[in-house]
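Next come the chains, spelled out residue by residue.
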Amino acid sequence: MKHKVVITDASPLIALARIEHIHLLKDLFTEVFLTDIVEKEVLVGGDFVDSKAIRQAIKEGWLQVGDSASYLAAASDISTEVEGLDPGEATSILWAADLFQSGQDVMLIMDEAKGRKIARRLSLETMGSAGIIAIAKRLGLIEHAKPLLLQLQASGYYLSPTVIEMALQIAGEDVKS
């Protein structure tokens, strides 16, 4: 999985940091990028646990911040596609779409259904937090996916029963137990 350009929105960063598993992004992908808009969304507002882990990942260099000015102009032809999304989601999709249109293999890490729908309409590959956890289990990076999914849910992060069931199937874990 280390061959793609991976761009993440704020929600998966916050979700994985919240359950102390942001490292799964580094374990699955060599580098992960976020827009400068997403950086502001996740780091502005104080020194909380989630932001500490994200700040550390940026400092370590595997989580890298891209300058939105460099790709927003190039993606202006599809900017109407992202109207109504929050700025972080919109810039993440626009950057991924710009890279995809230039021939790069791109994956967008995003949890919000509306943003994922738009991304898929633009032919972008997407994955969410639950998918990251499921793939990490499937590859042996974690022992079990279900406890992490339930921990994420217990922390107030919304995961539908369908998303949890699909993630457990991907992870190769029993859905019913």
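Residues numbered from 1 in each chain as written. Predicted model: local features only at pLDDT ≥ 70, side-chain atom pairs only at ≥ 80, totals over all residues. Heavy atoms only, no water.

**Student:** Can you walk me through the overall build of the chain in this structure?
**Tutor:** Tallying secondary structure elements over the chain gives 10 helices and 5 strands in all. Taken over 177 residues, the chain has a buried fraction of 51%. Accessible surface, the chain: about 8,400 Å² in total, of which carbon and sulfur atoms supply 54%. (Helix = DSSP H or I, 4+ residues; strand = E, 2+ residues; numbered from the N terminus. Buried < 20%, exposed > 50% of the residue type's maximum accessible area, 1.4 Å probe, protein only. Areas by Shrake-Rupley, 256 points an atom, 1.4 Å probe, with all protein chains shown as cover.)

**Student:** Explain the sheet that holds strand 1 (residues 5-8) to me, please; I cannot follow it from the model alone.
**Tutor:** Sheet strands associate in pairs through backbone hydrogen bonding, adopting either a parallel or an antiparallel arrangement. Within the open sheet, the 5 strands sit side by side as 3-2-1-4-5. Their pairing is parallel. Only two strands of the sheet have a single neighbouring strand rather than two, namely strand 3 (63-66) and strand 5 (125-127). Adjacent strand axes in the sheet meet at a mean angle of 35° when their direction is disregarded. Of the pairings in the sheet, the one linking strand 1 to strand 4 (residues 106-109) comprises 4 bridges and is parallel in character. In the strand pairing of strand 4, Val5 is matched with Val106. (Pairing = 2+ DSSP bridges. Axes fitted to C-alpha atoms, helices over the stretch in contact; angles between N-to-C directions.)

**Student:** I would appreciate a short explanation of the packing of aromatic side chains in the present structure.
**Tutor:** Geometrically, a pair of aromatic rings is defined through the distance of the ring centres and the angle of the planes. Scanning the entire structure with this criterion turns up 1 aromatic pair. Centroid distance Phe33 to Trp95: 5.8 Å. Interplanar angle 75°. Geometry classified as edge-to-face. With Phe33 in strand 2 (residues 32-35) and Trp95 in helix 6 (residues 87-101), this residue pair connects regions lying 62 residues apart in the sequence. Residue class for Phe33 comes out buried when judged on its relative accessible area of 17%. Using a relative accessible area of 11% as the deciding quantity, one classes Trp95 as buried. (Phe/Tyr/Trp six-rings, centres within 6.5 Å; stacked < 30°, edge-to-face > 60°.)

**Student:** What's the story with the pairing of strand 1 in this structure? I'm lost.
**Tutor:** For a regular strand, side-chain orientation follows a simple rule: the groups alternate between the two sheet faces. Here strand 1 shows two buried faces, one formed by Val5 and Ile7 and the other by Val6 and Thr8. Bridge analysis of strand 1 against strand 2 gives 2 bridges, and the strand direction is parallel. Each residue of the ladder has a partner; that of Ile7, found in strand 2, is Phe33.

**Student:** How do you make sense of the packing of helix 9 (residues 146-154) against helix 10 (residues 161-171) when you look at a structure like this?
**Tutor:** How two helices pack is summed up by the angle between their axes together with the distance between the axes. Relative orientation of the contacting elements helix 9 and helix 10 amounts to 160°, with a least axis distance of 10 Å. The pairing of helix 9 with helix 10 is recorded here as roughly antiparallel in orientation. Seen along the crossing, helix 9 lies across helix 10 with a hand that is right-handed. Contacts from Lys146, Leu149 and Gln153 in helix 9 reach Ile164, Ala167 and Leu168 in helix 10. For the contact of helix 9 with helix 10, the class distribution of residues is 4 nonpolar, 1 polar and 1 charged. (Parallel < 35°, antiparallel > 145°, perpendicular 65-115°, else oblique. Left-handed = near helix turned anticlockwise from the far one by under 90°. Contact = heavy atoms within 4.5 Å. Nonpolar A, V, L, I, M, F, W, Y, C, P; charged D, E, K, R; others polar.)

**Student:** Help me understand the pattern of salt bridges, please; the structure alone is not making it clear to me.
**Tutor:** Oppositely charged side chains are able to pair whenever their charged atoms sit close together. On inspection of all chains with the given rule, the structure shows 2 salt bridges. For Lys4, the salt bridge is made with Asp105, and the minimal N-O distance between the two is 3.2 Å. In this pair, Lys4 is assigned in the segment before strand 1 and Asp105 in the loop between helix 6 and strand 4, connecting sequence segments 101 residues apart. The exposure class assigned to Asp105 is partly exposed, which follows from its relative accessible area of 35%. With its nearest N and O atoms 2.8 Å apart, the salt bridge here joins Glu125 to Lys4. Of this pair, Glu125 sits in strand 5 while Lys4 is found in the segment before strand 1, placing the two residues 121 residues apart along the sequence. Through salt bridges with shared partners, a single network forms among Lys4, Asp105 and Glu125. (Salt bridge = Lys/Arg side-chain N within 4 Å of Asp/Glu carboxyl O.)

From the geometry alone we can't say anything about function, so treat these as descriptive.
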